[in-house]
Every structure is written in C-alpha cells, then in structure tokens.
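Given next are the chains, with one letter for each unit.
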Amino acid sequence: MNNISKALFLDRDGVVNIDHGYVYEPAKFEFVPGVFTACKAFADAGYKLIIVTNQSGIGRGYYSEMDFHTLTQWMIAQFAAHQVTVTDVYFCPHHRKKALPEYLKECDCRKPAPGMLLQGIADHHINPASSIMVGDKLSDMQAASKAVIGTRVLVRSGQEFDARAIDSADHVCDSLADLPSILL
Ligand SMILES: O=P(O)(O)OC[C@@H](O)[C@H]1O[C@@H](OP(=O)(O)O)[C@@H](O)[C@@H](O)[C@@H]1O
Ligand SMILES: [Mg+2]
Ligand SMILES: [Zn+2]
C-alpha cells in the first residue's frame, strides 16, 4: 500500500497541553484552549492525528512508563469525548546524558531525531509531503525537517525560542487553535 494518508503530527507538551514541566498526572494535564475544536477541524479535513512526544521524565526517573501510558489513555479518552480520534501516540523515554541506565542512550527517536515521525509514517501509510508538524521547540521543527514533513508550524507555548526556530518553521502562531484558519 502506498503512503496515501496525510497526518497532523503533534508535539504534546506545549502544543496539546500547557507545558508545566514533565507532566505525567491527569490532574496536572491542562489542555490548551481550543485544542479539541482545532483537532476536529483537521480530522474532518482528512488528517490523521499522531502525537510524537519526548518523555525524558521517564528516563530521568520522575515517573514510569506505566504512568505515561495511564495518562495517555486518559488523554485519548478526553479527545474521544470531543469526537476526536487520536490515531497513535509515539514517545521517547531516552536521554543521552541524564537518565537511568536502561534509558541512557543516544537514540533515533528523541527529537530532533526523526524516528517517531518516521515510525508513524510507516505504521499509518502517511505521505509526509502532505502532512503537518506542530511543535513548540526548534527540536520539533528539526525532527519534522529530517522526516521531510511538508508543513512545519511553531507555536508560542511560553518556551523560549530563538531566530533559528522561527526560521525553521513555515508558520508561527500563538496556539494550535489558530491553525485551522491558517491552513484549512
Ligand atoms: O514537548 P514534548 O516533546 O511533548 O515533551 C516535552 C517534555 O518531555 C519535557 O521536555 C523537557 O525537555 P528535556 O527532555 O528535559 O530536554 C522540558 O522541556 C519539559 O518542560 C517538558 O515538559
Ligand atoms: Mg513541546
Ligand atoms: Zn528515544
């Protein structure tokens, strides 16, 4: 089967939810205002929603993979309650310097590496050229560039970013909520 679908790849912290720092509990998971409406617009326009998230908090020992999966199931259920299907969620628990031994590695999945995006493209027969990546860091844009994603969007989540991040994006906006009016 050739790659015929298009995807809205989403970074999680800072894009789907407010990045309070290593969020792993539903009680601390604050959806960005307007995220459900925006994601439903893209889903209705034929985009598969795929989340790609660095989770070095696992490697650092702040929380477990089970904690992450429990939060992820809860997050997916919130989307479903708003009639939005999340096609898949990919995460990277690794860190090359600050991690427990089993997570201490230079991997190909931690953004800016493109591994999570490439896995989603393969698993879900995605055409990268007609897909979109939304992130809040330069590393998100770099991962998207390496995966040859057609449109890269940087959102102002409160993370500091420099001119390199802005230059690496096709669009810069305050939030995912702004995106349907820009791209659809
Ligand atoms: O934005 P995504 O990729 O969904 O997830 C980012 C999180 O895993 C955390 O990534 C950390 O960066 P380090 O992983 O410590 O460099 C920090 O930026 C935290 O504030 C943030 O919550
Ligand atoms: Mg982020
Ligand atoms: Zn990794």
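Residues numbered from 1 in each chain as written. Chains lettered and ligands numbered in written order. Predicted model: local features only at pLDDT ≥ 70, side-chain atom pairs only at ≥ 80, totals over all residues. Heavy atoms only, no water.

### As for the nonpolar core
And step 1. Formed by 33 residues in total, the largest nonpolar core has its most connected members in L10, F79, V134 and L176.
And step 2. For this core, the elements supplying multiple residues, two or more each, are β1 (6–10), α1 (35–44), β2 (47–54), α3 (65–81), β3 (86–92), β4 (132–135) and β5 (151–155).
And step 3. Counting residues per element, this core draws most heavily on α1, at five residues. (Core = buried A, V, L, I, M, F, W, Y, C linked by side-chain atoms within 4.5 Å. Buried < 20%, exposed > 50% of the residue type's maximum accessible area, 1.4 Å probe, protein only. Helix = DSSP H or I, 4+ residues; strand = E, 2+ residues; numbered from the N terminus.)

### A look at the state of the cysteines
And step 1. Counted by the stated rule, this structure contains zero disulfides.
And step 2. Free of any disulfide, C39 has its nearest cysteine sulfur in C173, 12 Å distant.
And step 3. Given the relative accessible area of 0%, C39 is considered buried. (Disulfide = S-S within 2.5 Å.)

### Remarks on the pairing of β1
And step 1. Counting buried positions along β1 gives four out of five residues, so the element sits mostly inside the fold.
And step 2. Two strands pair when backbone bridges link them, and β1 and β2 are joined in this way by five bridges, in the parallel orientation. The residue of β2 that forms the bridge with K6 is Y47.
And step 3. Handedness of the crossover joining β1 and β2 through α1 is recorded here as right-handed.
And step 4. Bridging between β1 and β4 involves three bridges; their strand directions are parallel. Each bridged residue has a counterpart across the sheet, and for L8 the counterpart in β4 is I132. (Pairing = 2+ DSSP bridges. Right-handed = clockwise from strand over helix to strand, strands pointing away.)

### Observations concerning the UniProt feature "binding site: Zn(2+)" (unreviewed entry) in the chain
And step 1. Under the UniProt annotation, the feature "binding site: Zn(2+)" (unreviewed entry) is placed at C92, H94, C107 and C109. For the annotated residues, spread through 18 residues, the largest C-alpha to C-alpha distance comes to 8.6 Å, consistent with a single compact locus.
And step 2. Here C92 is to be found in strand β3.
And step 3. Setting aside anything within four residues of it in sequence, one finds C92 in contact with T53, N54, Q55, S56, C107, C109, R110 and M116.
And step 4. When its relative accessible area of 14% is taken as the criterion, H94 is described as buried.
And step 5. The contacts of H94, once residues within four sequence positions are left out, are S56, Y103, K105, C107, C109 and R110. (UniProt positions renumbered as here; feature names shortened; annotations may be inferred. Contact = heavy atoms within 4.5 Å.)

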